[in-house]
Amino acid sequence: MKLTNNQKKYLRSLAHDLKPFVMIGQHGLSESVIAEIESTMLKHELIKIKLRVSDRDEKQGIINKIIKFSEAELVQVIGGVIVIYRPFEDNPDIILPRS
């Protein structure tokens, strides 16, 4: 699923007031963090993740891994916070604009 700019804008507006559900520290993307992201994605379609990584390349690598294993769409990256979206397979809570 590829999100349009309008859909990303809508999701960013929904994510604005969200608190980060998952925090990734200096130890990086461990199995427990991956499991936590997956369990959170089963309860919430749109989540914020806080990354405490100083190296840009390492941060981008972590973001790419999160997107790959979670099968979610990257909505936004601001500093050390990312927003990802994966709709529920049955009865999605968030109805995206058409275009």
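In case you missed it, the structure is sitting above this.
Residues numbered from 1 in each chain as written. Predicted model: local features only at pLDDT ≥ 70, side-chain atom pairs only at ≥ 80, totals over all residues. Heavy atoms only, no water.

1. So, the sheet that holds strand S1 (residues 22–24)
The four strands lie next to each other as S1-S2-S4-S3, forming an open sheet whose pairing is mixed. With one partner strand each, in any of the chains shown, S1 and strand S3 (73–78) form the two edges of the open sheet. In this sheet, adjacent strand axes meet at a mean angle of 25° when their direction is disregarded. Sheet topology note: the S3/strand S4 (residues 81–85) ladder contains five bridges and is antiparallel. Note that in S4 the partner of Leu74 across the bridge is Ile84. (Pairing = 2+ DSSP bridges. Helix = DSSP H or I, 4+ residues; strand = E, 2+ residues; numbered from the N terminus. Axes fitted to C-alpha atoms, helices over the stretch in contact; angles between N-to-C directions.)

2. Focus on the side chain of Thr40
Structurally, the position occupied by Thr40 is in helix H2 (residues 31–43). Once you skip the residues sitting within four places of it in the chain, Thr40 turns out to touch Phe21, Val22 and Ile47. (Contact = heavy atoms within 4.5 Å.)

3. Considerations on helix H1 (residues 5–15)
Of the residues making up H1, those classed as buried are Gln7, Leu11 and Ala15. Down the axis of H1, the buried side of the element spans an arc of 75°, and every buried residue falls inside it. Of the residues in H1, the exposed ones pointing more than 90 degrees away from the buried face are Asn5 and Lys9. Elements that come into contact with the buried residues of H1 comprise strand S2 (46–51), S3 and S4. (Buried < 20%, exposed > 50% of the residue type's maximum accessible area, 1.4 Å probe, protein only. Arc of directions from axis to C-beta.)

4. A few points about unusual backbone geometry
Its identity is not glycine, yet Glu71 carries a phi of approximately 55°, on the positive side. Along the polypeptide, Glu71 turns up in the loop between helix H3 (56–70) and S3.

5. Points about the pattern of salt bridges
Here the structure, examined in full by the defined rule, presents one salt bridge. Among the ionic pairs, Arg86 bridges to Glu38, the shortest N-O distance being 3.2 Å. A residue pair is termed long-range when its members are at least 10 positions apart, and Arg86 in the segment after S4 and Glu38 in helix H2 qualify at 48 residues. Arg86 gets classed as buried once you look at its relative accessible area, which sits at 15%. Accessibility expressed as a relative area gives 27% for Glu38, which makes it partly exposed. (Salt bridge = Lys/Arg side-chain N within 4 Å of Asp/Glu carboxyl O.)

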